[in-house]
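Below are the chains, spelled out letter by letter.
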Amino acid sequence: MPPGILTNAVSLSADKVELSPADTGFMLIATALVMVMTPALAFFYGGMVRVKSVLNMLMMSFISLGLVTVLWVLYGFSLAFGTDHGSVIGFSGDYVGLSGIGLTELWDGYTIPVYVFAAFQLMFAVLTPALISGALADRVKFSAWALFVVLWVTVVYFPVAHWVWGAGGWLFELGVIDFAGGTAVHINAGAAALGVIFVVGKRIGFKKDPMRPHSLPLVMLGAGLLWFGWFGFNAGSWLGNSDGVGAVAFLNTQVATAAAMLGWLAYEKIRHGSFTTLGAASGAVAGLVAITPACGSVSPLGAIAIGIIAGVLCAMAVGLKYRFGYDDSLDVVGVHLVGGVVGSLLIGFFATGGVQSDAKGLFYGGGLAQLGKQSVGVVCVLLYSLVLSFLLAKVIDLVMGFRVSEDEELAGVDQAAHAETAYDYGGTGGGSALTRTAASATGSAAASASGSASGDDPEPGAAGSTAQASQAGSSAQAQDRTPGKAKKVEA
C-alpha cells in the first residue's frame, strides 16, 4: 500500500519513472473493483437483517459513498497523504480540493497519476465507515449515523491512514506492514464499532428474539461481490503490475479466502452440526479480512494457514457478544476486528522476506522483531479508534440522540427513517407512502389469517422470508444462542 510499504521493492529510480498506460489502466480497474465493494457490503449486511430494516442497512453503506467522497476531495486526501507533520497527520495545500495537481503528475516513485492514486484511496475511505454500520443495525437514527461518518473519517480514518501508509507516518516509519488495510481499515472499523455499541446499547429483544437473516441469497450475493472486489482491494494496493508483487497478492487473496471458508464451516459443523450458507459467506469475509494486511508478505502456503486460523477464530469470536453482553448486530467486531488482528499479527510469523520487502517472520528466521512491530500497530490503532469513536458517538448522543425511539425500533427503522419498505406486495408501486398504506392493510389481514411467524413486518411475504432464514439453522448471528429456544415474537 502506498506510498509503498518499504518501497525498495520498486525497481524504478525516481529519475526514470514515466507514466505507464498499463499500470494506470490496471489501477483504474482496481479502483472500480474497490468501489463495488461498498454496495456489495450493503447487500451482504442487508440480507442479514430483518425485513423491517433492510433499506436502512443499505442506506447506511450508500450514504458513505456520498459523504466521504466529498470530504476526500475537500481535505481528506490532504490529511491522509499530504506532506507529513509530526508523523501524525499530513497536509498539502495542493491536495485541498485536489486543485493543484497536474493532469499527468505522477504519484511519487510510481508510474500512475496522482489523480488515479487519489481515486483508489478514496474507495478505501468510503468502505471503512460503511463496515461499522453492521454493528448498529435496527436501532440508530440515520441523521446521527451520517454525522458520525463525517466526524469519524475526519478525526479517526484520515489520521490513521497517514500513520500506516503516509510518507512519514509513524507506523509506516516503524516498519509496520499493512499491505491493504488490516489496521487502517478492518481493525479501525471493528474497534470503532465496539466503541459506538457501548453508547447506543442493545437492540430490543437481544438474546431473546431470533433476529435471523431475512434473505440468505442476498447475503451470498453480497459475499460473492465482496470476494470479487477484494482482488482490486488487495492486488491493486501495490499500485502497479510490473514486478509480480500484485500477482502474489491476488493469488493469496483467493487462497486465504477459500481456506477461511473451509475453516469456518468445519468449526460450525463440529460445534453446531451443520454447514450453513451464512457460515460460508461469513468465513469467506473473515479470510478476506485476515489476508488483507498480509497478502504481500506471505507465500500461498502461509495464506492457507492464515485463512484457516482466521476462519476458526472468527467463528469462535462471533459468540463472544452473548457472553459479554454487547450487541454487535452483524458481527463486525467478531469478523473485522478479530480478523484484522489475526492477519496483522500472523505477518510476524509467516512473512517470507521475499515478496514486498525483506522483513521476515518468526517461522522464516526473522525472530520476534516483526511481530513486535505488528503488535504495536494493532494495539495503537485499536485503542485510538475505540476511544475516539466512543467519544464521538457520546457527543452525538448527547446533542441529538443516536438511537431511534422504542416505537420506531419495533415498527422498523425503514419506515421511520426512509418512509419506504423493502418488499411491497400490496400494490404495483415501489414502496411509496401511498402504496404502503394499502399494503399495510392487506398485510395486516393476511398476517391475522395465517399467524405470521416473522415477528418483523406485518406485510405478506415476511413470514416466508423468516421461514427461509430459519431453514439455514445456526448462523454467524445465531450460532451461539441457546439452542432450541428461539420463539415467535411481536417486533
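Placed above this text is the structure.
On a predicted model such as this, the values are computed, not experimentally measured, just so you know. (Residues numbered from 1 in each chain as written. Predicted model: local features only at pLDDT ≥ 70, side-chain atom pairs only at ≥ 80, totals over all residues. Heavy atoms only, no water.)

## Considering the pattern of salt bridges
Phase 1: This model, assessed by the stated rule, comprises five salt bridges.
Phase 2: Across the pair glutamate 409 and arginine 403 runs a salt bridge whose closest N-O atoms are separated by 2.9 Å.
Phase 3: Judged by its relative accessible area of 23%, arginine 403 is partly exposed.
Phase 4: One network of salt bridges, with partners in common, ties together Arg50, Asp138, Arg203 and Asp327. (Salt bridge = Lys/Arg side-chain N within 4 Å of Asp/Glu carboxyl O. Buried < 20%, exposed > 50% of the residue type's maximum accessible area, 1.4 Å probe, protein only.)

## Digging into a nonpolar patch on the surface
Phase 1: Taken together, Leu147, Leu151, Val395, Leu398, Val399 and Met400 make up a surface patch of nonpolar side chains, about 540 Å² in accessible area.
Phase 2: Every element with two or more residues in the nonpolar patch is listed here: α4 (142-165) and α13 (369-399).
Phase 3: If you tally residues by element for the nonpolar patch, the top one is α13, at three residues.
Phase 4: Secondary-structure assignment places methionine 400 in the loop between α13 and α14 (406-411).
Phase 5: With relative accessibility at 32%, the residue methionine 400 sits in the partly exposed group. (Patch = residues over 30% accessible without salt bridge, like charges linked within 9 Å, V, L, I, M, F, W, Y side chains within 5 Å. Areas by Shrake-Rupley, 256 points an atom, 1.4 Å probe, with all protein chains shown as cover. Helix = DSSP H or I, 4+ residues; strand = E, 2+ residues; numbered from the N terminus.)

## Considering the environment of glycine 325
Phase 1: With respect to the helices, strands and loops of the structure, glycine 325 is situated in the loop between α11 (320-324) and α12 (332-350).
Phase 2: By relative accessible area, glycine 325 is classed as buried at 17%.
Phase 3: Sequence-distant contacts of glycine 325, that is, excluding residues within four places in its chain, are made with Lys202, Phe206 and Leu320. (Contact = heavy atoms within 4.5 Å.)

## Things to note about the packing of helix α1 (residues 21-48) against helix α3 (residues 114-132)
Phase 1: Running from amino to carboxyl end, α1 crosses α3 at an angle of 15°, the nearest separation of the two axes being 9 Å. With respect to α3, the element α1 is oriented roughly parallel. For the crossing formed where α1 meets α3, the hand is left-handed. On α3, the residues that touch Thr24, Met27, Leu28, Ala30, Thr31, Val34, Met35, Met37, Thr38, Leu41 and Tyr45 of α1 are Val116, Ala119, Phe120, Met123, Phe124, Val126, Leu127, Ala130 and Leu131. (Axes fitted to C-alpha atoms, helices over the stretch in contact; angles between N-to-C directions. Parallel < 35°, antiparallel > 145°, perpendicular 65-115°, else oblique. Left-handed = near helix turned anticlockwise from the far one by under 90°.)

## Here's the deal with the side chain of threonine 38
Phase 1: In this fold, threonine 38 is placed in helix α1.
Phase 2: Look past the residues within four positions of threonine 38 in its chain and what remains in contact with it is Ser61, Leu65, Val126, Leu127 and Ala130.

## Section: the packing of aromatic side chains
Phase 1: Scanning all chains against the criterion turns up 28 aromatic pairs.
Phase 2: Note on tyrosine 75 and phenylalanine 158: the rings are 6.0 Å apart at their centroids and 85° apart in plane angle, and the pair reads as edge-to-face. Remark: phenylalanine 158 occurs in helix α4 and tyrosine 75 occurs in helix α2 (residues 54-81); sequence separation between them is 83 residues.
Phase 3: Residue classification places tyrosine 75 among the partly exposed residues on the basis of a relative accessible area of 25%.
Phase 4: Residue classification places phenylalanine 158 among the buried positions, given a relative accessible area of 0%.
Phase 5: Taken together, the ring pairs connect Trp72, Tyr75, Phe77, Phe81, Tyr95, Trp107, Phe117, Trp152, Tyr157 and Phe158 into an aromatic cluster. (Phe/Tyr/Trp six-rings, centres within 6.5 Å; stacked < 30°, edge-to-face > 60°.)

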